[in-house]
Structure formats: C-alpha cells, structure tokens
Amino acid sequence: MLSAEAQEPQSNKMTPAAYALAGLLAALYLVGEAARRCGAPALVGEIIVGLVLGPYGFDVVPQTRACTIAGELGLALLVLEGGLHVDLKTLREVGGVASRVAVAGTALPALAAWGLLAALPAFTAREGLLCGVALSSTAIGMAAQLMTDLGLIETELGRVVVTAAMVDDVLSLVLLAVVRKSTTTFVDVARPVGASAAVVVAGVGLAALTPRVLARRPAPPDVLVAAALALGAGAAFAADKAGSTPLLGCFAAGVCFASVEGVARRFDEVVVPPASWLYRVFFASIGFVVPLGKLASAPAALYGLLLSLVAVLTKVGTGLFYREDPWKVGWAMVGRGELGFVMALET
C-alpha cells in the first residue's frame, strides 16, 4: 500500500532555483541587449552579468556547475557554427594569413608577459612564463560570437578571425603541455601536436569527401544538421581523448558540412535560436570564475592592469599580419575566455 504522502500529487510549484535561473536568463538577455544598443557586443553585458550574479558577486545563481556545463555545450555549438561558415576552399585561402596571425597571437603575449614579470622582483622567471602562457590564447567562442554579432562571420575577415582563433587555441594547448610540468618529456609535447595534426588531417579528408557523398545520396537538410551535430560530438570526444582540444573537433566537423548546400542555413534556422541561450550562459560562466575579492588588493590590481595592457597591445599587434584590415583583426583577437582560465588554473 502506498502511504498517504506518496499518493498525494506532486506540487507543480516552481522551486526557488528555477526562479533564480529564469532571472539569470532574463538578466543575460536584457543586459546583453543594453550592451548591444550602446555599441558593444552583447557578450560584454553577458560576462558582466556573470561577474555580478556569480559566486564571487552576489552569489544568487544556483547550481553554477550545471550552468557551466550548459555553457560548455553552448561553446561547442558556437564553434561548430563557426566551422559551418568556413568551407575547405576558404580555409585554403585564409589558412596562411590566419596561421601567421595565430602564431603571432600566441608568441607575442607569452614572451611579453614572461619578460615583464621576470624583470619584477616579486616573480620568478618560471612564474612569468606560466603567466605568459595563460595569456596566450584567444577565445574561439568570443571570436566567433563577435563576428556573428557584427554580421561578419561569412566574410573573409570573419573567416580569418575564426580560423586564427582556432589555431591560436591549439598552439596555446601545446604551450600549456610544455610548461605545466617542471620537467617536460618529448611525449608531453608530441601528444597534443600529433593529436591536433591528426584531427586536422581527418577533418580535411572528411571535408573533401562529405559533399561528394551527399551529392550522390541527397538527404533532407534536417537530417544533415543532425549528422553535423553527431559528427561534432564524436569529433570533440575523439580530439579530447587523443590529447587535443575538443573545440578543434567541433570546428572540423563544421568545416566538413560547410560546402554542403543548405546545411549552414538550416543550422542557423533550427539550432541557433535555442542555442543562443546556451551561448549567453557560456559567457556568463566566464564571469563566474573571476575572483573579484582577490582583485581588490592594490598589488593585484596593479599587476592586473600591467598584464592587461600587455595582453591587449600584443594581440592588437597581430592585426599587422592581415593588411586588408589590421585594426579589426587585432581587436578581434584580444578576447580571452574559456581556455585562458583553464590554463591559469592548471599552471
């Protein structure tokens, strides 16, 4: 026999956590729109919401770990979307200049921060190097969203920025493998390099093969979008297990379907509208991990300002490698985010 309590229908009332999550989503939308109307990208407002409402702010966001996981899913979809707008032909055209921008964007901040902190008595040379590596990555999620917000994702400029940011992340991952241990073996360096190269080779091969196969056996756009999502999940898992960044797998999966007629358009129609809420949660999750209290001390604020200046100037300088519009490319590469925080925590 069921007890009287078990027989009673469950309450349909919303829990306080549900109200708080609804409030978070409303704040993300409203503040993001306010930032957009002020001429700034919406992601700026969304990060501010994460700072203010997150664990180091008013701490009113429940289940921040769950929100972070949802944001990671949004980041994966955002990178997949970016890949869908970079077909193999375009990748060949912009690959050279994007690689130069990426190499400069990785090396300049790392070397400059290393030199700056090594010259200060409060830091050792190794600490300066670790800090420089943490500042070396460009946030692929921020770059892709910025280009989308500005309507540039399908232009040459947008493709250069997204591709350069992706290569930058891979190079930063390799740097992290080199410096995270006091003694680095050949395997520590070879694994992320080899894994990333394997993902790129496999991605290029599939990107060349996919349009030919689907030309012989056409499928409805919704089926192709589902296939792109499945390939993105599988490629991300494989890249992560192999030792590369899962985001490279997502990007490669998008490139595989970029030349297939109708996939990118249908993805934008059916996936992007609901996924845009996950994008917002991702940018808020960046704000969740910024320890505002620790930044309040005078030394931390001073060093933070110095490193911010170094980080901005060195990334802006990468635009010199794209002569057509160096100013926009340089500023688009400034954004740090998910990988930078991971690298700072692991170093």
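Keep in mind that what you see is a predicted model, and the values were worked out from it rather than measured.

Some thoughts on the overall build of the chain
Phase 1: Across its full length, the chain holds 16 helices and zero strands.
Phase 2: Relative to a compact globule of 347 residues, whose C-alpha radius of gyration would be 20 Å, the chain shows 21 Å and is just as compact.
Phase 3: Based on the C-alpha atoms only, the size of the chain along its principal axes is roughly 75 × 60 × 45 Å.
Phase 4: Classification of the 347 residues of the chain by burial places 45% in the buried group.
Phase 5: Relative to all contacts within the chain whose residues are 6 or more apart in sequence, the contacts with residues 24 or more apart total 78%.
Phase 6: In the structure as shown, the chain presents an accessible area of about 17,300 Å², 68% of it carried by carbon and sulfur atoms.

Points about the nonpolar core
Phase 1: With 63 residues, the main nonpolar core has Val79, Met147, Met166, Phe257 and Phe283 as its most contacted residues.
Phase 2: Here this core takes nine residues from helix α11 (residues 246–258), the largest share from any one element.
Phase 3: Once residues lying within four places of it in the same chain are set aside, the contact partners of phenylalanine 257 are Leu84, Thr210, Leu214, Leu224, Ala227, Ala228, Leu231 and Val263.
Phase 4: Ala27, Leu28, Ala284 and Phe288 belong to the second-largest nonpolar core, a separate cluster that totals nine residues.

A short note on unusual backbone geometry
Phase 1: If you check the backbone angles, aspartate 59 has positive phi at about 55° while not being a glycine.
Phase 2: Tracing the chain through its elements places aspartate 59 in the loop between α3 (42–53) and α4 (64–84).
Phase 3: Classification of aspartate 59 as partly exposed rests on a relative accessible area of 48%.

The rules we used
- Residues numbered from 1 in each chain as written.
- Predicted model: local features only at pLDDT ≥ 70, side-chain atom pairs only at ≥ 80, totals over all residues.
- Heavy atoms only, no water.
- Helix = DSSP H or I, 4+ residues; strand = E, 2+ residues; numbered from the N terminus.
- Rg over C-alpha atoms; globule rule 2.2 N^0.38 Å.
- Buried < 20%, exposed > 50% of the residue type's maximum accessible area, 1.4 Å probe, protein only.
- Contact = heavy atoms within 4.5 Å.
- Areas by Shrake-Rupley, 256 points an atom, 1.4 Å probe, with all protein chains shown as cover.
- Core = buried A, V, L, I, M, F, W, Y, C linked by side-chain atoms within 4.5 Å.

Coordinates in, geometry out; function isn't part of it.
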